[in-house]
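# Tertiary structure, described
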Amino acid sequence: MGVSGRIGPSGPLAAVVSAAALLGTAGTAAQLGPDDIGPLTAGSWRTATGALGLLAVAWAVGQPPWRYRWRTRWSLVGALALGVNQLAFFAAIEAAGVATGTLVTIATLPIASGAIDWGWGRRPDRGWLLGVAISLTGVALLTGGSAEPSLLGVAWGVLAGAAGSAMALAIQRLGEDRPALPATTTVVAGGAIVLAPVALAGAPVVLSSLDALATVTYLGLATMALAYVLLAVGLRRLPLSTVT
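Source: prediction; values computed, not measured. Note that residues are indexed from 1 along each chain, following the sequence as it is written. Totals for whole chains, interfaces and linings use every residue, but because this is a predicted model, local features are given only for residues with pLDDT of at least 70 and side-chain atom pairs only at 80 or more, for both listing and counting. Hydrogen atoms and water are omitted, and side-chain values are computed over all heavy atoms in the structure.

### Describing the layout of surface pockets
Both site types are read off a 1 Å grid over the protein atoms alone. A 1.4 Å probe that fits but cannot get out defines a cavity, while an open set with protein on both sides within 12 Å along at least five of seven lines defines a pocket; lining residues have an atom within 4 Å of a point. Grid points are joined across faces, edges and corners, and a volume is the space filled by probe spheres set on the points. Its boundaries defined by the atoms lining it, the second largest pocket holds a volume of some 230 Å³. Around the second largest pocket, the lining comprises 17 residues; the ones closest to its centre are Trp70, Ser75, Thr186, Ala189 and Gly190. Numbering of helices and strands starts at the N terminus; helices are DSSP runs of H or I of at least 4 residues and strands are runs of E of at least 2. For the lining of the second largest pocket, the secondary-structure elements that each account for two or more residues are helix H4 (72-96) and helix H8 (180-194). Per-element tally for the lining of the second largest pocket: the top contributor is H8, with six residues. Ten residue types, Ala, Val, Leu, Ile, Met, Phe, Trp, Tyr, Cys and Pro, are classed as nonpolar, four, Asp, Glu, Lys and Arg, as charged, and the remainder, Gly among them, as polar. In terms of residue class, the lining of the second largest pocket is built from eleven nonpolar, four polar and two charged.

Laid out in structure tokens, this is it:
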């Protein structure tokens, strides 16, 4: 039995809140890292480090992803969506700043997830509509208060949020026949393979200093591996539009 099968009624919501708190630190951590870690390097190495951490834990607890049935569609959707999400998110905070890039990405997530839920025949509730309204208001206030809001940064944020919703859907569908850990590991490991050429190109930068290694290690293990497993726990019990 996976850990998600033993949690109480409030467990999924608590897991999602914890995941959101960890994910919210990703942009700041990247900006506080060495200046030569660009968005491509940050996104690809975050994914690679997260994949290694997840594979190690999955192996240790007897839940490696290869023990479960290979589901081609959702594995590929998750891997590709994760790759796009990572590169677009870090491009957004590079172009628009941490606050704007993060907020636009977060605001896009519930809109895209609600549309996905609607397409799967699960109509979002009024709480989702209120959340979308609040998110859009926040984006409008933040970008409107900027002297020169970066339209490119906003566009990257929208793309990151939409891709993040597709990735979450893939994890949710994979989690229908396996625990949260192998479902998440399948998607993140697939994303690491997609981004492997980018990670290799950025290796000299990451391996050149302890600060760079520490930055990508935190990004991968805390804001991806741990955060995404918590997200997957929530997705087993809650609608996609509620989780995001």
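On we go from here.
### Section: the packing of helix H1 (residues 11-23) against helix H10 (residues 210-235)
Look at H1 against H10: their axes get within 8 Å of each other, and the N-to-C directions meet at 155°. Viewed along their axes, H1 and H10 adopt a mutual orientation that is roughly antiparallel. In the crossing of H1 with H10, the sense of the turn from one axis to the other is left-handed. Facing Pro12, Ala15, Val16, Ser18, Ala19, Leu22 and Leu23 of H1, the residues of H10 in contact are Ala222, Thr223, Leu226, Ala227, Tyr228, Leu230, Leu231, Val233 and Gly234. Here the residues of the contact of H1 with H10 sort into 13 nonpolar, three polar and no charged. Fitting a line to C-alpha atoms yields each axis, with helices limited to the stretch in contact; the angle taken between N-to-C directions then spans 0 to 180 degrees. The scheme is simple: roughly parallel for angles under 35 degrees, roughly antiparallel for over 145, roughly perpendicular for 65 to 115, oblique for anything else. Each helix crossing is assigned a hand: it is left-handed if the near helix lies turned anticlockwise from the far helix by less than a right angle, otherwise right-handed if that turn is clockwise. Between two residues, a contact is recorded if the distance between any of their heavy atoms is within 4.5 Å.

### Re the pattern of salt bridges
Between side chains of opposite charge, a pair can form as their charged atoms come close. The salt bridge criterion pairs a side-chain nitrogen of Lys or Arg with a carboxyl oxygen of Asp or Glu, the two atoms within 4 Å. Evaluated as defined, the whole model comprises five salt bridges. The salt bridge partner of Asp177 is Arg71, with a shortest N-O separation of 3.7 Å. Of this pair, Asp177 sits in the loop between helix H7 (151-174) and H8 while Arg71 is found in the loop between helix H3 (39-60) and H4, placing the two residues 106 residues apart along the sequence. Any residue under 20% of the maximum accessible area for its type is buried, any over 50% is exposed, and the rest in between are partly exposed; the area is computed with a 1.4 Å probe on protein chains only. Judged by its relative accessible area of 14%, Arg71 is buried. With a closest N to O distance of 3.5 Å, Glu176 and Arg173 form a salt bridge.

### Some details on the nonpolar core
Take the buried Ala, Val, Leu, Ile, Met, Phe, Trp, Tyr and Cys residues and link them wherever side-chain atoms come within 4.5 Å; each set so joined is a nonpolar core. Core analysis: the largest hydrophobic core is formed by 32 residues, its most contacted members being Leu54, Leu82, Met167, Ile171, Val187, Val188 and Tyr228. Sorting the residues of this core by element identifies H1, H3, H4, H7, H8 and H10 as the ones contributing at least two each. Looking at this core element by element, the count peaks at ten residues for H10.

### Overview of the confidence of the model for the chain
Atom-level detail of predicted coordinates should not be read off regions where pLDDT is low. Along the chain, pLDDT gives the predictor's confidence residue by residue, from 0 to 100. Summing up the model confidence of the chain, the mean pLDDT is 84 and the portion of residues at 70 or higher is 81%. Counting interchain partners and residues more than four positions distant, the pLDDT-below-50 stretch residues 1-7 has twelve contacts.

### Observations concerning the packing of H4 against helix H5 (residues 98-119)
H5 packs onto H4 with a crossing angle of 140° between their chain directions and a minimal axis gap of 6 Å. One way to sum up the angle between H4 and H5 is to call them oblique. Considering the relative orientation of H4 and H5, their crossing is right-handed. Every residue of H5 that contacts H4 at Phe89, Ala92, Ile93 and Ala96 is listed here: Val98, Thr100, Gly101, Thr102 and Thr105. Per-class residue counts for the contact of H4 with H5 are five nonpolar, four polar and no charged.

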